[in-house]
Amino acid sequence: MPSDRPNSEQSVHLSPDHQPRWYHPLARHNYRLFLGMQVAGSVGVWMQRLAQDWLVLQLTGSPAAVGVAVALQFLPMLVVGPLAGLVVDLFPKRRIMLVCQSVIIVLALGLAAWVASGSITVWAVYASCVALGITSAIDGPARQVFVNEVVGDAYLRPAIGLNNALAQLGAMAGPALSGVLIAQAGPAAAFAANALIGMAVLGMIAAIRTAELHPGTPAERGRGQLLAGFAYVRERPRLLLLILLAGLLGAFGMNGPVVLAAFAERVWHNGVEGFGLFNTVSAVGALAGALLAARLRSMGRRGIVTAAGLFGLSQLVAALMPTLALFVAMLAVVGLMTLLFLTSAATAVQLEAGPAIRGRVMALYLPLLLGGHALGGLLAGWLTEQFGVRTGLVVTGGLGMLSAAVIGLLLWLHGRPDRARTVQPPA
């Protein structure tokens, strides 16, 4: 008996309203593999980042030095980001991901061996931070854009939304897992675990069925292509403001490694165990945020700005909590608001960018977000050293709220904030 299910080439041309009930991106072999590698890869890289941050704190005893490590992990993205976006738009994304994942494995194995030998220096950790930053600048946009090739156009919105939610969840779960491993077995174990995760991710990338992909048209080679992403965003003020908001919240909100390490050492005096607890609770809140974000079809720009303001407010309130129990409870709220904002903002930016230029647009979005995170690490470290841990978090939380208010006002001045444009399936 013939099946009533269309083949993969036919299904991508059906609108969501006309798809059979059984259809969902998760029904695709490639999409399931893609989500698995997204979650695992995100967990592994963020494990590496947190382990590097904690190792720097162990070697130097200085939150400011941790801020330098955070900056060195993310500032390279600002330098190579635009070029990375052009590379993503020009070359096969799957091949790019295979190369980048191999580099990440080598870095993790190298640090695991060096730390285990007892001869690691802070300068070696700093060098690893730079190498990881450059690799992530290329790998991040490639992963974000690759989802289009995996599912096609018809279900791009739910696929991008779920992809962003799970990737951000991995970014919250990675530090939590790293904190537990560091507490139980030391930083070398965290680096070794990331290497093993990286090998699994490499296997998942290799297992993707290339015959079932939907590759888009590569960007044209020639002059001006490197700057095309800048021009595209500049001509769309609302898109530019959303990207700017992500960068500001990256600077004033995504300072967990510095702040949580300082709270564990200087406020609650519970060391690496507290550090692991704080990251675990944040990850639980992030799970709730990821589930909420995945259920929302679209928050619109107004909703994104509101989530950004609540993100900053939750940090400010957490800084003022008088007891450890209340502080830990507020970290769950911070984790929830972090994922709700990051997922909704990333989804809106991706859907507003055309497929042919999406790599270059995301190569502006991700470096600005994570570059802001790098500068925020320096700012949080300096504020902590100069004014204390609580004051530092109050200031950064307040700046996050101010950023949301200013961007919200600018969006209003450019016209009433509307919902992010929905990508229409081909006729």
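Residues numbered from 1 in each chain as written. Predicted model: local features only at pLDDT ≥ 70, side-chain atom pairs only at ≥ 80, totals over all residues. Heavy atoms only, no water.

- If you check an unreviewed UniProt entry, the protein chain appears there as MFS transporter from Pseudarthrobacter enclensis.

### Overview of the packing of helix H2 (residues 29–60) against helix H3 (residues 63–90)
Helix packing geometry: the angle between the two helix axes and the distance between the axes.
Moving on, step 1. Across the interface, H2 lies against H3 with an axial gap of 8 Å and an inter-helix angle of 145°. In the crossing of H2 with H3, the sense of the turn from one axis to the other is right-handed. Across the interface between the two elements, Trp-46, Arg-49, Gln-52, Asp-53, Val-56, Leu-57 and Thr-60 of H2 pack against Pro-63, Ala-65, Val-66, Ala-69, Val-70, Gln-73, Phe-74 and Met-77 of H3.
Moving on, step 2. Its residues assigned to classes, the contact of H2 with H3 shows 10 nonpolar, three polar and two charged. (Axes fitted to C-alpha atoms, helices over the stretch in contact; angles between N-to-C directions. Helix = DSSP H or I, 4+ residues; strand = E, 2+ residues; numbered from the N terminus. Left-handed = near helix turned anticlockwise from the far one by under 90°. Contact = heavy atoms within 4.5 Å. Nonpolar A, V, L, I, M, F, W, Y, C, P; charged D, E, K, R; others polar.)

### So, the nonpolar core
Generally speaking, soluble globular proteins have nonpolar side chains that are buried together.
Moving on, step 1. In this structure, Phe-278, Phe-341 and Tyr-365 are the most contacted members of the largest nonpolar core, which totals 87 residues.
Moving on, step 2. Top element by residues in this core is helix H13 (residues 324–352). It accounts for 13 residues.
Moving on, step 3. Residues from two domains meet in this core; each of domain 1 (23–212) and domain 2 (226–416) gives at least three.
Moving on, step 4. For Phe-341, the contacting residues outside a window of four places in its chain are Leu-245, Ala-246, Leu-249, Ile-304, Ala-307, Ala-308 and Phe-311.
Moving on, step 5. In terms of nonpolar packing, the next biggest core, distinct from the first, is built from 28 residues, Tyr-31, Leu-33, Leu-35 and Phe-146 among them. (Core = buried A, V, L, I, M, F, W, Y, C linked by side-chain atoms within 4.5 Å. Buried < 20%, exposed > 50% of the residue type's maximum accessible area, 1.4 Å probe, protein only. Domains from an automatic or database assignment.)

### Observations regarding the environment of Trp-412
Moving on, step 1. In this structure, Trp-412 sits in helix H15 (residues 389–413).
Moving on, step 2. The exposure class assigned to Trp-412 is exposed, which follows from its relative accessible area of 56%.
Moving on, step 3. Residues Trp-412 and Arg-302, spaced 110 residues apart in sequence, show a C-alpha to C-alpha distance of 9.2 Å.

### Quick notes on the pattern of salt bridges
Moving on, step 1. One pass over the full model with this rule turns up six salt bridges.
Moving on, step 2. Two residues, Glu-352 and Arg-301, come together in a salt bridge whose shortest N-O distance is 2.3 Å. Taken as a pair, Glu-352 in helix H13 and Arg-301 in helix H12 (residues 300–319) lie far apart in primary sequence, 51 residues in all.
Moving on, step 3. Assessed through its relative accessible area of 8%, Glu-352 is described here as buried.
Moving on, step 4. Given a relative accessible area of 5%, Arg-301 falls into the buried group. (Salt bridge = Lys/Arg side-chain N within 4 Å of Asp/Glu carboxyl O.)

### Points about H2
Moving on, step 1. Relative to the 46 Å expected for 32 residues at 1.5 Å per residue, H2 spans 47 Å between its end C-alpha atoms, a close match to the ideal helical length.
Moving on, step 2. Here H2 lies mainly inside the structure; 25 of its 32 residues are buried.
Moving on, step 3. Looking one or two places after H2, you find Gly-61, whose phi comes out positive at around 70°. (Expected span 1.5 Å × (residues − 1).)

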